[in-house]
Amino acid sequence: MIALADCNNFYASCERVFNPVLNNKPVIVLSNNDGCVIARSNEAKKLGIKMGVPVFKVRDIIIKNNVYVYSTNFALYGDMSSRVMSLLSKMSPEIEIYSIDEAFMNFTGIKNPTALALDMKSTVKKWTGIPISIGIGPTKTLAKVANYIAKRKTNSGIFGLFNYNDTIHSLKNLPISEIWGVGSRYSKMLYSNGIKTAYDFICLDKNWVLNNMTIVGLKTQEELKGHKKISLEIYKNRKKNICTSRSFGKKIKDFKLIKESIVAHATRCAEKLRRQSSCARYISVSIQTNRFDNPKSYYHGYQSKIIDLPTNNTIYLVNIAVKILESIYIKDLEYKKSGVIVGDIVPANQIQLNIFNNHQITEKQRVLYDAVDSINDAMGRDKIRLLGHGINRKWSLKKENLSPRYTTDWSDLLKIKV
DNA sequence: TCTGGGGTCCTAGGACCC
DNA sequence: TCTGGGGTCCTAGGACCC
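To start, this report covers the structure provided alongside it.

Cut-offs used in this document
Residues numbered from 1 in each chain as written. Chains lettered and ligands numbered in written order. Predicted model: local features only at pLDDT ≥ 70, side-chain atom pairs only at ≥ 80, totals over all residues. Heavy atoms only, no water. Salt bridge = Lys/Arg side-chain N within 4 Å of Asp/Glu carboxyl O. Helix = DSSP H or I, 4+ residues; strand = E, 2+ residues; numbered from the N terminus. Buried < 20%, exposed > 50% of the residue type's maximum accessible area, 1.4 Å probe, protein only. Axes fitted to C-alpha atoms, helices over the stretch in contact; angles between N-to-C directions. Left-handed = near helix turned anticlockwise from the far one by under 90°. Contact = heavy atoms within 4.5 Å. Nonpolar A, V, L, I, M, F, W, Y, C, P; charged D, E, K, R; others polar. Pairing = 2+ DSSP bridges. Near = heavy atom within 4 Å. Polar contact = N/O pair within 3.5 Å; in protein donor to acceptor, adjacent residues only side chain to side chain. Disulfide = S-S within 2.5 Å.

### Remarks on the pattern of salt bridges
Scanning the entire structure with this criterion turns up 14 salt bridges. Residues E271 and R268 are paired through a salt bridge, measuring 3.1 Å at the closest nitrogen-oxygen approach. Taken together, the residues E271 and R268, both in helix 11 (residues 255-275) and three residues apart, mark about one turn of the helix. By relative accessible area, E271 is classed as buried at 10%. The exposure class of R268 is buried, given its relative accessible area of 8%. Where salt bridges share partners, they join K206, E222 and K225 into one cluster.

This is how it looks when you write it as structure tokens:
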């Protein structure tokens, strides 16, 4: 048996933990740049605020109903997440942390899975203040189905698919679009073929699924039938790509400002590489105009380069990134977004040395980067940075409704009146 | 006026090799 | 006029996830 624990309305719940005024009130959290709605409390969902909707489209609802609005505060959410995950992993050591607010756990051999799940739920609530739901099933995909039901149709927040009849009954009531692994494209395709529920889907011929939805779709179908095809990944693997990108606060033409953003993104990528002790062999830079403007004039310039020797050297990566930027930048366009991706990542200690290259981090540079990284960890991001990074970050984003970093910054500790 | 940011996996097709 | 058969590697694009 596999269990899936999922934090309810995670970001909104994090805001609530430190501000009880928000209890029972509609709360939403916005994406970077205060652009879209990316989390909603149940009360906000009831008001009809949809996931991913641009804020300006629901402004009237927000004002009319006194919806509490927050900018993203990832320092807070990341810290709350690691508290929740550490509690769960104590109670169930075989755990795969799947996302910031979800974890799969191996419940094989557990005599009373429901009791364990209830215990987890109350422990997490007591120690962190975060409400969670847990679904249990024979496969990951069925655990997802169970979690879906736990959230919507139970009071306890716990639901298990333990036998055949329950499972069939649940699948008959599950819309095809809610299946893990079936997104908007496949839902549309399946729907137009008369497939409306998860049950309809498992009745389909295997070959038809393979031909129309590749091996990935077939795995999903098998998992829904109770056959394990997606295994629990307990051991953290290094990321295969690392991406840093942002929309600008406003449209930008000026090469200098765009360059500053690319320097900042490449710097961040190098930091992320060093944090996981790895090096990248490939780097890609992209710049885009606003894709919501006239589609004919939309420009998305991107280009990648193979690095001859894998590296996590900030200065080297920044230099390549800027060179790539120079070759994709077109004058007089108004840019809205830029990004840097590094990939083909290898562990730093497994690099084949090459005497003709000298951008490998030397001992001296390693000491330098260790110092820079630890100062920035302690004092705040970018306290020490390359000059090309810019001073004002004029390209940077809007964050108008930011909550304090209650758990990660001394100056933002919650104040209690005595 | 205002539209997120980070990932994964699979496939088809082209370049190249013998 | 006739024009093989087997590989590998890389990239772009498309699907998905939270």
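### A closer look at the packing of helix 11 against helix 12 (residues 314-328)
One way to put it is that helix 11 packs onto helix 12 with a least axis distance of 9 Å and a crossing angle of 140°. Considering how the two elements wind past one another, helix 11 and helix 12 form a crossing that is right-handed. For the pair helix 11 and helix 12, the contacting residues are F255, I258, K259, I262, V263, A266, T267, A270, L273 and R274 in the first and T314, L317, V318, A321, V322, L325 and E326 in the second. Each residue belonging to the contact of helix 11 with helix 12 can be placed in one class, and the counts come to twelve nonpolar, two polar and three charged.

### Considering the sheet that holds strand 9 (residues 241-252)
Here we have four strands laid out as an open sheet, ordered 9-12-10-11, and antiparallel in their pairing. Each edge of the open sheet is held by one strand with a lone partner, namely strand 9 and strand 11 (300-311). Here the strands of the sheet are splayed against their neighbours by 15° on average, with no regard to which way each runs. Summarising the sheet, strand 10 (residues 278-289) and strand 11 pair through eight bridges and their orientation is antiparallel. When the sheet's bridge partners are listed, Y282 is paired in strand 11 with I306. Across the sheet, helix 11 lies against strand 9, strand 10, strand 11 and strand 12 (335-347), angled at about 155° from strand 9, the strand it touches most. Packed onto the sheet, helix 12 meets strand 10, strand 11 and strand 12 and runs at close to 150° relative to strand 11.

### A look at the side chain of N73
Counting through the fold element by element, N73 comes out in the loop between strand 4 (68-70) and helix 4 (74-91). By relative accessible area, N73 is classed as buried at 4%.

### With respect to helix 1 (residues 10-17)
Within helix 1, seven of the eight residues are buried, which leaves it mostly tucked inside the rest of the structure. The complete set of buried residues in helix 1 reads F10, Y11, A12, S13, C14, E15 and R16. Check the buried side of helix 1 and you find it contacts strand 1 (2-7), strand 2 (27-30), strand 3 (37-40), helix 2 (42-46), strand 4 and helix 4.

### Thoughts on the protein's contact with DNA strand C
Looking at DNA strand C, there are 14 residues lining it, with K144, G183, R185, Y186 and Y302 nearest. Within 4 Å of the protein, the atoms of DNA strand C are drawn from sugar and phosphate moieties in a proportion of 100%. One of the side-chain nitrogen or oxygen atoms of S99 is found 3.0 Å away from a sugar or linking oxygen of DNA strand C. G183 is positioned with one of its backbone polar atoms (N or O) 2.9 Å from a phosphate oxygen of DNA strand C. For the surface near DNA strand C, the elements supplying multiple residues, two or more each, are strand 5 (95-99) and helix 8 (184-192). Of all the elements, helix 8 adds the most residues to the surface near DNA strand C, at three residues. Here the surface near DNA strand C is composed, by residue class, of six nonpolar, four polar and four charged.

### A closer look at the protein's contact with DNA strand B
Neighbouring DNA strand B are 23 residues, the closest being C243, S245, R246, S247 and K336. The sugar-phosphate backbone supplies 77% of the atoms of DNA strand B found within 4 Å of the protein. With respect to DNA strand B, the side chain of N241 contributes an N or O atom lying 3.3 Å from a phosphate oxygen. At the level of secondary structure, the elements contributing two or more residues to the surface near DNA strand B comprise helix 10 (206-224), strand 9 and strand 12. A per-element tally of the surface near DNA strand B places strand 9 first, with seven residues. Looking at the surface near DNA strand B, its residues break down into eight nonpolar, seven polar and eight charged.

### Quick word on the side chain of T244
Along the chain, T244 falls in strand 9. Among the polar contacts listed, one links the side chain of T244 to the side chain of K272, at a separation of 3.3 Å. Contact partners of T244, with chain neighbours within four places excluded, come to H265, R268, C269, K272, G339 and V340.

### A word on the state of the cysteines
Between two cysteines, a covalent bond joining their sulfur atoms is known as a disulfide. Counted according to the given criterion, the structure contains zero disulfides. Not engaged in a disulfide, the cysteine C14 finds its nearest cysteine sulfur in C7; these two sulfurs lie 7.4 Å apart.

### Comments concerning unusual backbone geometry
Of note in this structure, N24 is not a glycine but carries a positive phi near 65°. In this fold, N24 is placed in the loop between helix 1 and strand 2. N24 gets classed as exposed once you look at its relative accessible area, which sits at 67%. One non-glycine residue, N33, adopts positive backbone phi at about 70°. Following the sequence through the fold, N33 ends up in the loop between strand 2 and strand 3. In this structure N33 comes out as buried when scored by relative accessible area, which is 11%.

### Side note on the environment of G135
As for its placement among the helices and strands, G135 is situated in strand 7 (residues 132-137). G135 sits in the buried class, given a relative accessible area of 0%.

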